[in-house]
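What the coordinates show
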Amino acid sequence: SPLCVSRAAPRRRRRARMGPPAYDGTRHAAGTHGLRWGPNNVVSSGCRDGSVALWDPNTKTNMILGGGHDGDADPTGRWVRCTAWSPDGSLLASGGPRRVCVWTAEGELKCSLNLASATAVAENEDDPEPYYVLGLCWVDETTLAIGGGSHDVAVWKLEEGNLRFSLACHDHEDSIRCLAACNGRLASGSDDCTVRVWDGTPAPSDIITRGFGAAVTCVCWSPDGALLAAGSADSSVRVARAEAGRQFGAVAWVWRGNAEKVTAGVASIDFSRDGTRLAVAAEGRVFVFGGVLDATLGDMMACIDAPGLRYDVQFAPDGRQLVYGRSLKREPVASDNV
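Source: prediction; values computed, not measured.

**Some remarks on the nonpolar core**
One finds Val-237, Trp-255, Ile-269, Leu-278, Val-280 and Phe-287 to be the most contacted residues of the largest nonpolar core, which totals 19 residues. Among the secondary structure elements, those contributing two or more residues to this core are strand 19 (216–221), strand 20 (227–232), strand 21 (236–242), strand 22 (248–256), strand 23 (268–271), strand 24 (277–282), strand 25 (285–290) and strand 26 (299–305). Looking at this core element by element, the count peaks at 3 residues for strand 24. Among all residues touching Val-280, those that are not within four sequence positions of it are Val-237, Trp-255, Val-266, Ser-268, Ile-269, Arg-285, Val-286, Phe-287 and Phe-289. Within the second largest apolar cluster, 18 residues are counted, among which are Val-100, Leu-115, Val-133 and Ile-146.

So this is what it looks like as structure tokens:
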């Protein structure tokens, strides 16, 4: 049966097992990655075979997009690990080992960027290594940030139907794992165990959180940009609060998954669109926390058993559903009421 989470009693913790999901969506042939619930209530996901899928949990319809990443002759070059919707929901970006594609909301391929050759032009390299994309997000309707196997976050502008290199941040000491943007600020998590915040200018970025014992696997802003949450392969989540202006103070809240026997790391985190709940996906469970930072964020509202959960969890725009990818036969994408 569906799990209902009560905001009225945030200190009451309930453990519930998800029954049959409200909707099993796109069944990718080889892995479901990069789930994002767009502003227009369409969910995007990527696959190891190079396909990108769009599906609507309400109408239970889906569409597979081809011709972007799946044309690579090398199968290892097709894996679409991340997708990202532009703030107005009109464009979708998808990232693979060597390529970033931009699609319209209707599924038409708008442009495709070969990152190896583009990086060569931008950095004046004669023979660059392929750029493995692990993080992707829109800073605004025309600006796309890309992070991955190198230590830099590259910013590209969509101009006249093409992506053009703008600038890069080289402050991390290891590969970029994840990106998130809000109100013109860009947060990046890295294998160097830090989270940095950057305003998209040539100025140096600020280190927001230290203290993780392993790579930062996911970052997420609260909708108003006042909170920045980060999850790590050390099975912890840290939340920092913005002070006056644009500065962040010390980490305000820490959740350590070992208290719940989580040892394999945090896979994904997401704030609800109203900012009152934080979902943390780890080891086949979704932990839902509620309240405000100084009062009850950190109090577990629910622990949801989600068998086969893998990589990503996202709140629906209305906050009443979660979508997640699971590693069952043919990797269905599933959603359920929360």
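After presenting the structure, the write-up continues.
**Overview of the sheet that holds strand 5 (residues 52–56)**
In space, the 4 strands of this open sheet follow the order 3-4-5-6, with antiparallel pairing throughout. With partners counted over all chains shown, the strands left at the sheet margins are strand 3 (33–37) and strand 6 (61–65), one partner each. Pairs of neighbouring strands in the sheet enclose a mean axial angle of 15°, with direction left out of account. When strand 3 meets strand 4 (residues 43–46), the two strands line up antiparallel, connected through 3 bridges. If you follow Arg-36 over to strand 4, its bridge partner there is Ser-44.

**Describing the packing of aromatic side chains**
Counted according to the given criterion, the structure contains 4 aromatic pairs. Aromatic side chains Trp-255 and Phe-287 sit 5.1 Å apart centroid to centroid with 50° between the ring planes, which places their arrangement in the tilted category. With Trp-255 in strand 22 and Phe-287 in strand 25, this residue pair connects regions lying 32 residues apart in the sequence. Ring pairing ties together the aromatic residues Trp-253, Trp-255, Phe-287 and Phe-289, which thus form one cluster. Over the ring of Phe-212 we find Arg-238, and its NZ or CZ is 5.0 Å from the ring centre.

**Overview of the pattern of salt bridges**
Per the counting criterion, the structure on display carries 5 salt bridges. In this structure, Arg-164 and Glu-159 form a salt bridge, with 3.6 Å as the shortest nitrogen-oxygen distance. By relative accessible area, which is 37% here, Arg-164 ends up partly exposed. On the basis of relative accessibility, which here comes to 38%, the residue Glu-159 falls in the partly exposed class. Note that Asp-191 and Arg-177 form a salt bridge whose closest N and O atoms lie 2.8 Å from each other. Residue Asp-191 is located in the loop between strand 16 (185–190) and strand 17 (195–198), and its partner Arg-177 is located in strand 15 (residues 176–182); the two are separated by 14 residues in the primary sequence. Linked by salt bridges that have partners in common, Glu-159, Glu-160 and Arg-164 make up one network.

**Description of the pairing of strand 17**
Judged by which residues are buried, strand 17 turns out to be covered on both faces: Val-195 and Val-197 on one side and Arg-196 and Trp-198 on the other are all buried. Taken together, the 4 bridges between strand 16 and strand 17 define a ladder with antiparallel strand orientation. Counted as the bridge partner of Leu-186 is Trp-198 from strand 17. Linking two consecutive strands that pair antiparallel, namely strand 16 and strand 17, is a turn of 4 residues; a positive phi of about 75° is found at Cys-193 within it.

**A look at the pairing of strand 8 (residues 91–95)**
Burial runs high along strand 8: 5 of the 5 residues are buried. When strand 7 (residues 82–85) meets strand 8, the two strands line up antiparallel, connected through 4 bridges. When the bridges of strand 8 are listed, Thr-83 appears paired with Ser-94. Joining the antiparallel neighbours strand 7 and strand 8 is a turn of 5 residues, in which Gly-89 adopts a positive phi near 75°. In this sheet, strand 9 (residues 99–104) lies alongside strand 8 in antiparallel orientation, the contact comprising 5 bridges. Bridge assignment links Ser-94 to a residue of strand 9, and that residue is Cys-101. The antiparallel hairpin formed by strand 8 and strand 9 contains 3 residues in its connecting segment.

**A closer look at unusual backbone geometry**
With phi around 50°, Glu-160 is a residue other than glycine that occupies positive phi space. Tracing the backbone shows Glu-160 in the loop between strand 13 (153–159) and strand 14 (162–169). Its identity is not glycine, yet Ser-235 carries a phi of approximately 70°, on the positive side. Turning to its location among the elements, Ser-235 is positioned in the loop between strand 20 and strand 21.

**Describing the sheet that holds strand 18 (residues 206–209)**
Here 4 strands make up an open sheet; going across it, the order is 15-16-17-18 and the pairing antiparallel. A strand with exactly one partner marks an edge of an open sheet, and here the two such strands are strand 15 and strand 18. This sheet shows a mean twist of 30° between the axes of neighbouring strands, independent of strand direction.

**Examining the side chain of Ser-232**
Inspection of the secondary structure puts Ser-232 in strand 20. Given the relative accessible area of 0%, Ser-232 is considered buried.

The rules we used
Residues numbered from 1 in each chain as written. Predicted model: local features only at pLDDT ≥ 70, side-chain atom pairs only at ≥ 80, totals over all residues. Heavy atoms only, no water. Core = buried A, V, L, I, M, F, W, Y, C linked by side-chain atoms within 4.5 Å. Buried < 20%, exposed > 50% of the residue type's maximum accessible area, 1.4 Å probe, protein only. Helix = DSSP H or I, 4+ residues; strand = E, 2+ residues; numbered from the N terminus. Contact = heavy atoms within 4.5 Å. Pairing = 2+ DSSP bridges. Axes fitted to C-alpha atoms, helices over the stretch in contact; angles between N-to-C directions. Phe/Tyr/Trp six-rings, centres within 6.5 Å; stacked < 30°, edge-to-face > 60°. Lys NZ or Arg CZ within 6 Å of the ring centre and 35° of its normal. Salt bridge = Lys/Arg side-chain N within 4 Å of Asp/Glu carboxyl O.

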